[in-house]
Amino acid sequence: MSNKKIGKSERDSQNRIIKLFQNELHYAYLGDWEEQARIQPIEEHLLFDYLIKDGKYSRTLAQKAVDKLVKTATSLSDDLYETNKEVYKLLRYGITVREELGQPKETVWLIDWKKPTTNEFAVAEEVTVKGKHTKRPDVVLFVNGIAVGIIELKRSKVGVSEGIRQNLDNQKPEFIQKYFTTMQLVMAGNDTQGLRYGTIETSEKYYLKWKEESTKEYDYLIDKQVSQLCEKSRLLELIHDFIVFDKGTKKLCRPNQYFGITAAQTHVKTKTGGILWHTQGSGKSLTMVWLTKWIRENVKDSRVLIITDRQELDDQIEKLFTGVNETIYRTKSGRDLLATLNEKNESLVCSLVHKFGRKSDEGDYDSYIEELKNSLPTDFKAKGDIYVFVDECHRTQSGKLHDAMKMILPDSLFIGFTGTPLLKKDKQKSIEVFGPYIGDPYKFDEAVEDGVVLDLLYEARDVEQFITDQQSIDEWFEAETRGLTDVAKIQVKQKWGTMQKVLGSKSRLEKIVFDIVKDFKVKPRLSTGEGNAMLVSGSVYQACKYYELFQNAGFKDCAIITSYQPHHGDIKGEETGEDSPTDKLLKYEVYTKMLKGQSTEDFEALAKALFINEPNKMKLLIVVDKLLTGFDAPSATYLYIDKNMQDHGLFQAICRVNRVDTDDKDYGYIVDYKDLFKSLQKSIGDYTSEVFDGYDEDDVKGLLKDRFTESRERLETALEVLRAMCEPIYPKDEPTYIKFFCGNTEKPLDIKDTEDKRVGLYKAVVSLIRAYANVANEIHKLGYSSKQAQEIKEEVKYYSDLRETIKRASGDYIDLKRFEPGMRQLMDMYLDAKSSKKISDFENKSLVDLIVHVSEPSAEYQSKNRREAVAETIENNVRKAIVEEAKANPKYYEKMSALLDELILLRKEEAVSYAEYLEKIKELAGKVATPSSSANYPSSLNTRAKQALYDNLENNEHLALIVHSTIIENKLDGWRDGGIKEKKLMLAVGRVVNDIDTTLHIMEIIKAQNEY
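Summarised in this report is the structure supplied together with it. Along each chain, residues carry numbers from 1 onward, in the same order as the chain's sequence is written. Under the rules for a predicted model, residues below a pLDDT of 70 receive no local features and side-chain atom pairs below 80 are neither given nor counted, while totals for whole chains, interfaces and linings still include all residues. Side-chain metrics rest on all non-hydrogen atoms present in the structure, leaving aside hydrogens and water.

### A short note on the sheet that holds strand 7 (residues 185-190)
Alright, step 1. Any two strands between which DSSP finds at least two bridges are classified as paired. Strands are runs of DSSP state E lasting at least 2 residues, helices are runs of H or I lasting at least 4, and numbering of each runs from the N terminus. Across the sheet, which stays open at both edges, the six strands sit in the order 1-4-5-6-7-8 with mixed pairing between neighbours. Where the open sheet ends on each side, the last strands, each with one partner, are strand 1 (28-32) and strand 8 (194-198). Across this sheet, the average inter-strand angle for adjacent strands is 20°, counted without regard to direction.
Alright, step 2. Relative to strand 6 (residues 146-153), strand 5 (residues 139-143) is paired through five bridges, and the arrangement is antiparallel. Across the sheet, the residue bridging to Val140 is Ile150, located in strand 6.
Alright, step 3. Throughout, a contact is declared for two residues whenever any of their heavy atoms are within 4.5 Å. All axes here are fitted lines through C-alpha atoms, helices being fitted over the stretch that makes contact, and every angle between N-to-C directions spans 0 to 180 degrees. Packed onto the sheet, helix 7 (residues 232-241) meets strand 4 (121-125), strand 5, strand 6 and strand 7 and runs at close to 90° relative to strand 4.

Dropping the structure here:
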């Protein structure tokens, strides 16, 4: 057995670390000061000697500077923060003194920041300090005789937290508070856990661990971390560039912020833009502040413009800059921004993308850009070397903003900031706009591992609904929609048959309200009044309904916070004469009652303040989109989700509950009523995986080209379809169009007979509008001239107007408002719900662990009995196969899907034995896998492709064979190009099928066949 000691004494570690400071970091050793008592953190003689060395400053100036520093550092009343802040200013910006009265002022630099190695670095140990009670820190670091760092060491088997608490004790007035007035790095460590660092008054949970690769091997982690943090240049860089005094809290950078900013500094030097992605809650705003300050001090003639789309972030940025001795000018409008850029007076500017409408919680980019363009003076030329920071740059809109800003500031460097990774759909766009990632993205699982954010616990709950009387529903619907065309009836059904409406039924919402009220009685932190919760609702109407139900249940400490603002204009034209109110009326009434005469802004500010500071007085906030994103959103303990969410939205929402809070908050809790586990899995997978690594420049160019080519083809195909549809109509005037698409509008039979044509027109126009909307703001990049772009715009408007005209002429257009009260009542009367039941049981395993380290929930997390689980697994696999194959033959797989549903129903009703069920499901799986062997097709239809045509052409064998031959004769190599080749084949198939809708449907099926 080794004779090495385990759990070595603190002394052994201290000896080794003192040697490391001397031999590796080349600090001078000042000695063991146990026997000499000190009362202040400045060794005056060492500082004086440094200042007069090599005739740097005269003895008079040096003495005056030393006296000023000592006076500032020792005149401590009770506020360590304020004194430390004043000392920091003297260290960072120098001390201004005069040789004698009448002489000019000179700045004496106590530390030479530009040439780190010319300073005198030293270390002392066992430093006895006298205070109200004497204490003896283990290791103190000095620069030019000024104590800037302190380390408390613990033996291996004593936790680092003991050392942290010792540091916190030492900073109290009862001990040696005055010794910390010059301190910048306050550290604690041991040989087993390594080093933790903070600064003055940093609470235990915010002490950080330094993470950085090293080429050198160390026996102990603490040695590696000390050598990285306390290396001379690094130590001074951290003090100079990475400290901020923010509203009463002194903060030091986290490793991810340090490396993000140093990577960004390289981008600034080489004038290349990019994106900084640091996960939600890891200090993005501070990263912005530190980078700005560095640019301002290191780039000649530089100006920084920060663009945000939230009032609160604008406020926060202003306060932070004031904290680092910088004044920032907040522009009042787009016009003001341009005037400010045109002059050279303000070097630090922030601009808010003002919320012109009430469209959403995000800024209204379009109106902001419009205002900028309209306000642009003819002689405009932005002054200075401008750097533009765009917050939340993953938002799609930031591309438009970027184009507008590029026009105004062609030579500026743009840097995007985001707390969420760029998902595939907007990654391409954002990287085209800003450039690749800067440094390494700081991912979610890393932040959890570092303790920057908390891990999450997830629970899925289901509120099962059932219909109480199907016949009454059908009769009610018929009575409610009497006299409407079939297309109009379908619109009512579509609006009210959506999952959103079903899930908004009163009985279901009631069960969720009872659930949450019960949680507040029994769940940790909620029941004690220390915790709070947010409920994410699917719509503002639903949020108002929830609020009403909570009030009725006697749960009064809650509020709705959405982007809705009640205005008397909302209720104009809303009275339908029915007994119950329309959606808009209900929202207006609930909000008016809740606000009790206050403005929405004042009410929200108060509710939010209570929620954060006194959760027992504001226990629950009901939200839709607002407060779920952005740094200003409050943190909560529980998040209840009753809204379909994915990607950024879902991730930002769950980050409401993962903020570090009091010591008793170990996890954030998510309760999910919408079965979002798969979305959550994908979201967190995205946020922790390697798939989001940066593109290089060539990739960006390729991406750009591909996207524009694709977009142009999509737009032209949509136009071709409509032109072909309207080609037989002559003359192209309103009466002829109406006759073609509606027949004689006074004859109901004509309206019915022309229904298919109209539905085809409506679908085709929607496709065109979508294709156009995707490229409208960058249509010139698709290669169109201004004249062509204008012609396309007019043609899109022409077809859009045609759709509206035909809808009104045929009676297909209906005002859905008048159906709201009746349909809402129908839902509430005939839909009932059972109490919620827990459908997942992941409580013992954290969400990140479950998703990052385990691909599927393992057996121990499955709450159902084994038989049930096996049955469901088989069904899911069969369902997956059906879904995957359905594109190739929708009609056939519709039948298979119905068969599967029937089987599931039988199993649930236990109408078949388990063995019989397995046989049936096996047989069904066989049919799904090899359709040709299981169906009675005519012998001529001997391939899967022919069979698919037959199934989807109303079992017309002759037509299926003609379409098959047409495909074989007309398809060109690589015909699935979404362009000319595909159009040629579509036109050929269209001539045979002779119906535009059927042609479009059949083309999708043809595309899905391997045979073609």
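Now, onward.
### Notes on the nonpolar core
Alright, step 1. If you look at the biggest cluster of nonpolar residues, it comprises 87 residues, and the most contacted ones within it are Phe21, Leu51, Leu69 and Phe389.
Alright, step 2. If sequence neighbours within four positions are ignored, Leu69 has contacts with Ile42, Leu47, Val87, Leu90, Leu91, Ile95, Leu110 and Ile146. Only buried Ala, Val, Leu, Ile, Met, Phe, Trp, Tyr and Cys residues count toward a nonpolar core, and they belong to the same one when joined by side-chain atoms within 4.5 Å. Burial classes follow relative accessibility: with a 1.4 Å probe on protein chains only, a residue under 20% of its type's maximum area counts as buried, one over 50% as exposed, and anything between as partly exposed.

### A few points about the sheet that holds strand 14 (residues 348-352)
Alright, step 1. Here six strands make up an open sheet; going across it, the order is 11-16-15-12-14-13 and the pairing parallel. Edge positions in the open sheet fall to strand 11 (274-277) and strand 13 (329-330), since each of these has one partner strand only.
Alright, step 2. With five bridges joining them, strand 12 (residues 302-308) and strand 14 adopt parallel strand pairing. What sits directly across from Ile307, in strand 14, is Ser351.

### Quick word on the pattern of salt bridges
Alright, step 1. Every case where a carboxyl oxygen of Asp or Glu lies within 4 Å of a side-chain nitrogen of Lys or Arg is listed as a salt bridge. Tallied over the full model, the rule gives 33 salt bridges.
Alright, step 2. The closest approach of N and O atoms between Glu43 and Arg38, which form a salt bridge, is 2.7 Å. Here the two residues Glu43 and Arg38 agree in accessibility, since each one is buried.
Alright, step 3. Residue Glu297 pairs with Arg92 through a salt bridge whose shortest N-O separation is 2.9 Å. Of the two residues, Glu297 sits in helix 9 (residues 284-298) while Arg92 sits in helix 4 (residues 80-93), which places them 205 residues apart along the sequence.
Alright, step 4. Assessed through its relative accessible area of 36%, Glu297 is described here as partly exposed.

### Remarks on helix 5 (residues 160-170)
Alright, step 1. Taken residue by residue, helix 5 has Val160, Gly163, Ile164, Asn167 and Asn170 as its buried positions. Summarising the axial view, the buried residues of helix 5 lie within an arc of 125°, below the 170-degree limit, and thus occupy one face.
Alright, step 2. Here the buried face of helix 5 lies against strand 6, strand 7 and strand 8. In this context, the arc is that of the directions from the helix axis out to the C-beta atoms.

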